[in-house]
There are 2 protein chains.
Amino acid sequence: MRVSLRCVAERAGVSDATASRVLNGVDAPVARETRERVLRIAAEIGYTPNLAAKALATGRTKTVALWSVNLRAPHSSQVVYCMRDEIMKNDYDLTISDFKFRVDGALDTSRIISWPVDGVIAVDLPRGDVPGLSNSLLGGKPLVSIGAYVLENVDHVYVDFAPMSAAAVRHLHSVGCRRIAYLVPNWFEWFRSADDARLRGYETAIEQLGLEPEFIVTENEVRAAVGPVLKSHIALHGAPDALFCFNDNMTIAASRALREVGLIPGRDVKLVGCDGIDDSADFYPPLTTVVQPVEEMCAVAWTFLARRIKDPDIPVQQMTLTAKLEIRGSSTGDF
Amino acid sequence: MRVSLRCVAERAGVSDATASRVLNGVDAPVARETRERVLRIAAEIGYTPNLAAKALATGRTKTVALWSVNLRAPHSSQVVYCMRDEIMKNDYDLTISDFKFRVDGALDTSRIISWPVDGVIAVDLPRGDVPGLSNSLLGGKPLVSIGAYVLENVDHVYVDFAPMSAAAVRHLHSVGCRRIAYLVPNWFEWFRSADDARLRGYETAIEQLGLEPEFIVTENEVRAAVGPVLKSHIALHGAPDALFCFNDNMTIAASRALREVGLIPGRDVKLVGCDGIDDSADFYPPLTTVVQPVEEMCAVAWTFLARRIKDPDIPVQQMTLTAKLEIRGSSTGDF
DNA sequence: AAGCTTTCTGAAAGCGCTTACATTTCACAC
DNA sequence: GTGTGAAATGTAAGCGCTTTCAGAAAGCTT
C-alpha cells in the first residue's frame, strides 16, 4: 500500500538502483533526463523513504537520540531545546526520549540502545553506572553526556558549578547574610555520595568566611518536596538569612513556602538558585541564579558527537565549562 | 560486530527462526530446554534486537511518535510528559519530536512520516492544512491530535475553552473589573483567522455584561513579545482593570511588564490565564487560570490511537473536554 | 574502423529479522 | 507395526532499501 522506491522506479521505467541513486546521491552519475523524471514521479506519487529499511541497509540513520532524565524540569527542556537546534542545524534528525529513574535509581538503557540512531546525547546523566556504557559507546553507539556531575571515560561536557557556587555564597555574605543554608535534594542517597560541585563551592566559601554550614535536605527535587521540609526547618531553627538552592526550580518552591510562613523572599530571606531557567528573570522577585552556559554546552556536545560518529576509536573527549552568576533582586532585595 | 540474532542462534545450535521464536513469542511451541538455552546465551553475549530490522520485517514497532510544536513551552512539556506516562504504561515505546513552525507557519511532516512508528500523537497541532493528513492518517500512519483548536476529519481530543473563558470574564466582572482586555498573540495571522475558543468565550461574556472588548495583540506567544506591546498599550490608553491572557506563559510576562510600569499585578490589574501550567500555583501572585484536563486528554488520546492502530478504517473519533477555572490570587487580589 | 574511455544503468546480494510452510520426530491409538 | 496428530524445528522468502560489480551505450582518439 505504501509507496516504495520500487513504485517510483517502475513508473519511471528504471531500476531500483537508479531510483535510489537519484533520490540520494547528489553526485551520482545519472542522466539529467532520467534524474528529472524520477524526481517528478517521486513527488507525484508522494514517495517517502522507509527509514527502517534505509537504516538496515546502510547502518546509518542521520539521526541522534537526545536523552533526558526529566523533560518536564525547566532546565532539562531548555537544554533539550537548544541541543535540538544544534542537531538540526547540522542536518541530522533527532528523537527525544525521557527516561525516568527506575525505582532503584538506575536507568533503563535497553530501549534506546536498540533504536536505530547514529549516536546519543544524554542530558544530566546521573552519576553511577550506566549499563552497557564503555568508552563513550553505549551498546556500541557513540554517546556524549552533558551535565554537572563528573563522569570518567565518557565523552562529556562538564559544567563546573564549584567556583560560582562559592561566588554566590560570598555574594550573599557581601549583602549582609550570615546564616546561609544550602537547600538540596537527596534522592536515592544522592547527596554526599555524588560529587556535587555546588556543595564543594558552598562548603569552601562558608569555611573561608568563617560561617557555619547549614543544610536543608529534601527528599527529591520536585517542588512539592520543598515546602514542608523548609517550613518545618524554619519552625525548629528559625529562618536563615539566605538560601543557596540546588536549582531554580527549588528556589521557586522555597519562595512560595517562605511567603506561606509570612517571610518575604528576597527581603527577609535572600535566595540564589542554579541553572538559569527561563522563568528566573520573570519570577517575582527576579531570581539570582548560577547560569549554565547552555548554548556553549550544546555546541561542544555536538562537536564531540560528530567526531566520535566519524571515528569511534578516538580518545575520550572532555571539556569543562564554567557557570556564571547572574545577580537579580532575589539576593539584593532590590525589586 | 554487533551481536545479532544469528550469533545467538549459532551458539545455541538452533536456527534463526527458533531463536526468534524464543526471544519474541511467549506462547511459541519451543522445547523448554531449547528456550532456556537460547535465553541464557542471549543474555550472556548481550544481545539487543535491531529495531530497524524488526520494523522492516514486521511493519510494526510498538513505538509511537509524540509530536509537539514547542517542547519548551511549559504547557506542551506538561502534556508531553503526561502522554509519555500513558504510552509507556501501555507498554509502547515512544519518541518525542519537537517541530517548530516553518517560516510560513506550515509544518514539515516529512521527517516524522518516514520514521518507523506505529502511530503519532500530535500536541497542539496548529489549525490549517497538515500535508499528507487525511482521515486520521498521516502519510498512512494513524494520528491522534490533542489541542484547543477544532480539527475536522481527524481523531481529535478537543479542549473547549469557550465556556470557561466566558466564566473567567464573568469572574473578573464579579470582582469589580470593568475594563477587561484580551491579551493574545497573532503569529502568522493566527488571531481571528483561527477559531479561537477563548476569543469566542471572551466576546460572548463581554457582550452579555455590556462591556467594551479590548485587544492587546502581540506578535507571538514568546514572553519577550509581551512586555513592549503591553507597556505601550498602557502608555497610550492607560491600564485596563484586568487582563484575560491567551496562556499562562503570557500572564507571567504580563505580570513582569506591569511591575515595570509600577502596577501591582493581581491588585491594580487582575490577571487570568489559560492552561494551568506547573508554575501557576507557585508564581507570585498565584495565577488564576483556565486549566486543561491534561490527564484526561492523554488517556482519551491513547484510547483513540490504540483503536486506530488496531483498525485504521474505523470512523473518525472525536471528543470534547471542558476546561476548569481555578481561582487564585492574581484575580482576587487576595495573596 | 578498431580500441579505449567515459557515462549511464541494471542485476543481484545483503542488511537483521519474522513467518508461512515444510519437515522431522515422537507419543499414542489402533 | 502402521497410522495419526501434535510438538518441535528448520527452510526460505521477503520486508524496502543500498551498493558493488559488471555490462551497455555513447563518445573519443588514432
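Residues numbered from 1 in each chain as written. Chains lettered and ligands numbered in written order. Predicted model: local features only at pLDDT ≥ 70, side-chain atom pairs only at ≥ 80, totals over all residues. Heavy atoms only, no water.

Draft legend 1. Broad picture of the overall build of chain A. Per the secondary structure count, chain A includes 12 helices and 14 strands. The proportion of buried residues among the 335 residues of chain A is 55%. Across chain A, every contact between residues at least 6 apart in sequence was considered, and the portion connecting residues at least 24 apart equals 70%. Accessible area for chain A stands at about 14,100 Å²; split by element, carbon and sulfur atoms hold 52% of it. Across chain A, the 36 positively charged side chains and the 42 negatively charged ones have centroids separated by 6 Å. (Helix = DSSP H or I, 4+ residues; strand = E, 2+ residues; numbered from the N terminus. Buried < 20%, exposed > 50% of the residue type's maximum accessible area, 1.4 Å probe, protein only. Contact = heavy atoms within 4.5 Å. Areas by Shrake-Rupley, 256 points an atom, 1.4 Å probe, with all protein chains shown as cover. Lys, Arg positive; Asp, Glu negative; His and termini not counted. Charge placed at Lys NZ, Arg CZ, Asp CG, Glu CD.)

Draft legend 2. Here's a closer look at the domain arrangement of chain A. With domains assigned, chain A is organised as domain 1 (5–49), domain 2 (63–160 + 293–322) and domain 3 (162–292 + 325–332). Inter-centroid distance (C-alpha atoms) of domain 1 of chain A to domain 2 of chain A is 36 Å. (Domains from an automatic or database assignment.)

Draft legend 3. Here's a closer look at the packing of aromatic side chains. Scanning the entire structure with this criterion turns up 19 aromatic pairs over all chains. Here the aromatic rings of Phe283(A) and Phe283(B) are separated by 5.7 Å at their centres, their planes lie at 85°, and the arrangement is edge-to-face. Taken together, the positions of Phe283(A) in the loop between strand E11 (270–275) and strand E12 (288–291) and Phe283(B) in the loop between strand E11 (270–275) and strand E12 (288–291) put the pair across two chains. Both residues of the pair, Phe283(A) and Phe283(B), count as buried. Residues Trp187(B) and Phe246(B) carry aromatic rings whose centres are separated by 6.1 Å and whose planes lie at 75° to one another, so their mutual orientation is edge-to-face. Of this pair, Trp187(B) sits in the loop between strand E8 (180–185) and helix H8 (197–208) while Phe246(B) is found in the loop between strand E10 (242–245) and helix H10 (248–260), placing the two residues 59 residues apart along the sequence. (Phe/Tyr/Trp six-rings, centres within 6.5 Å; stacked < 30°, edge-to-face > 60°.)

Draft legend 4. Quick look at the protein's contact with DNA strand D. Residues in close proximity to DNA strand D total 27 residues, the closest being Leu5(A), Ser20(A), Asn24(A), Tyr47(A) and Thr34(B). Atoms of DNA strand D within 4 Å of the protein: sugar and phosphate make up 67%, bases the balance. The separation between a base nitrogen of DNA strand D and a polar main-chain atom of Ala53(A) is 3.3 Å. The contact in question runs from a phosphate oxygen of DNA strand D to an N or O atom on the backbone of Ala31(B), over 2.8 Å. Breaking the surface near DNA strand D down by element, the ones donating at least two residues are helix H1 (5–12), helix H2 (16–24) and helix H4 (51–58) of chain A together with helix H2 (16–24) and helix H4 (51–58) of chain B. Of the residues that constitute the surface near DNA strand D, the class distribution is 13 nonpolar, nine polar and five charged. (Near = heavy atom within 4 Å. Polar contact = N/O pair within 3.5 Å; in protein donor to acceptor, adjacent residues only side chain to side chain. Nonpolar A, V, L, I, M, F, W, Y, C, P; charged D, E, K, R; others polar.)

Draft legend 5. Examining the sheet that holds E11(A) more closely. Residues and elements named next belong to chain A. With mixed pairing, six strands are arranged side by side in an open sheet as E9-E8-E10-E11-E12-E14. Either end of the sheet is taken by a strand with one partner, and the two such strands are strand E9 (214–218) and strand E14 (324–326). Ignoring strand direction, the axes of neighbouring strands in this sheet form an average angle of 20°. Strand direction decides the pairing type here: strand E8 (residues 180–185) and E9, joined by five bridges, are parallel. Considered in E9, the bridge of Ala181 is made with Glu214. (Pairing = 2+ DSSP bridges. Axes fitted to C-alpha atoms, helices over the stretch in contact; angles between N-to-C directions.)

Draft legend 6. Expanded view of the environment of Asp241(B). Residue and element names in this part refer to chain B. Within the secondary structure, Asp241 sits in the loop between helix H9 (226–237) and E10. Judged by relative accessible area, Asp241 falls into the partly exposed class, the value being 28%. Sequence spacing of Asp241 and Asn220 is 21 residues, and the spatial spacing of their C-alpha atoms is 23 Å. The contacts of Asp241, once residues within four sequence positions are left out, are Gly176, Cys177, Arg178, Arg179, Asp268, Val269 and Lys270. Polar contacts involving the side chain of Asp241 include one to the main-chain amide nitrogen of Arg178, which spans 2.7 Å.

Draft legend 7. Representation of the confidence of the model for chain A. Mean pLDDT over chain A stands at 90; residues scoring 70 or higher make up 96%. No element of chain A has a lower mean pLDDT than helix H6 (residues 110–114) of chain A, at 74, and none a higher one than strand E10 (residues 242–245) of chain A, at 98. (pLDDT = per-residue confidence, 0-100.)

Draft legend 8. Main features of the packing of helix H1 (residues 5–12) of chain B against helix H3 (residues 32–44) of chain B. Residues and elements named next belong to chain B. One way to put it is that H1 packs onto H3 with a least axis distance of 9 Å and a crossing angle of 125°. Comparing the axis directions of H1 and H3 gives the class oblique. H1 and H3 meet at a crossing whose hand is right-handed. The segment H1 lies against H3, with Val8, Arg11 and Ala12 engaging Arg37, Val38, Ile41 and Ala42. Counted by class, the contact of H1 with H3 contains five nonpolar, no polar and two charged residues. (Parallel < 35°, antiparallel > 145°, perpendicular 65-115°, else oblique. Left-handed = near helix turned anticlockwise from the far one by under 90°.)

Draft legend 9. Structural detail: H2(B). Residue and element names in this part refer to chain B. Buried within H2 we find Thr18, Ala19 and Val22. Along the axis of H2, the buried residues cluster in a sector spanning 100°; they form a single face. Looking at the packing, one finds that the buried side of H2 touches H1 and H3. (Arc of directions from axis to C-beta.)

Draft legend 10. Structural detail: the relation of the copies chain B and chain A. The two copies are related by a screw motion: chain B maps onto chain A through a turn of 180° and a shift of 0.1 Å along the axis, at an RMSD of 0.2 Å. The two molecules are tied by a two-fold rotation axis, judged by turn and shift. When the interface residues of chain B are mapped onto chain A, 100% of them again lie at the interface, so the same face is used by both copies. (Least-squares fit on C-alpha atoms with pLDDT ≥ 70 in both.)

Draft legend 11. Region of interest: the pattern of salt bridges. Throughout the structure, instances matching the rule amount to 34 salt bridges over all chains. Across the pair Arg72(B) and Asp278(A) runs a salt bridge whose closest N-O atoms are separated by 2.8 Å. Remark: Asp278(A) occurs in the loop between E11 and E12 and Arg72(B) occurs in the loop between strand E1 (63–68) and helix H5 (74–89); the pair is interchain, linking two chains. The partly exposed category is assigned to Arg72(B), whose relative accessible area is 28%. Under the relative-accessibility criterion, Asp278(A) is labelled partly exposed at 37%. With a shortest N-O distance of 2.5 Å, Arg6(B) and Asp16(B) are connected by a salt bridge. (Salt bridge = Lys/Arg side-chain N within 4 Å of Asp/Glu carboxyl O.)

Draft legend 12. Spatial organisation of the protein's contact with DNA strand C. Contacts to DNA strand C come from 27 residues, most closely from Thr34(A), Leu5(B), Ser20(B), Asn24(B) and Tyr47(B). Counting only atoms of DNA strand C within 4 Å of the protein, the sugar-phosphate share comes to 69%. Measuring from a base oxygen of DNA strand C, one finds a backbone N or O atom of Ala57(A) at 3.3 Å. A distance of 2.3 Å separates a phosphate oxygen of DNA strand C from a polar backbone atom of Leu5(B).

Draft legend 13. Structural context of the sheet that holds E12(B). Residue and element names in this part refer to chain B. If you walk across this open sheet you meet the six strands as E9-E8-E10-E11-E12-E14, and the pairing is mixed. Two strands in the sheet have a free side with no partner beyond their single neighbour: strand E9 (215–218) and strand E14 (324–326). Along the sheet, successive strands turn relative to each other by an average axial angle of 20°, direction set aside. In this fold H9 packs onto E8, E9 and E10, with an angle of close to 150° to the strand it touches most, E9.

Draft legend 14. The interface of chain B and chain A, seen in detail. Each side of the interface is counted separately: chain B has 46 residues, and chain A has 46 residues. Between chain B and chain A, roughly 4,400 Å² of surface is buried when both sides are summed, and carbon and sulfur atoms account for 54% of that area. Taken together, the links from chain B to chain A amount to eight salt bridges. Measuring nitrogen to oxygen at the nearest pair gives 2.9 Å for the salt bridge that ties Asp282(B) to Arg223(A). One can count 10 residue pairs in polar contact (both at pLDDT 80 or more) joining chain B with chain A. Secondary-structure elements contributing two or more residues to the side of chain B that touches chain A are H4, H5, strand E2 (93–98), helix H6 (110–114) and H10 of chain B. In the side of chain B that touches chain A, the residues fall into 21 nonpolar, 10 polar and 15 charged. (Buried area = accessible area lost by both parts, 1.4 Å probe.)

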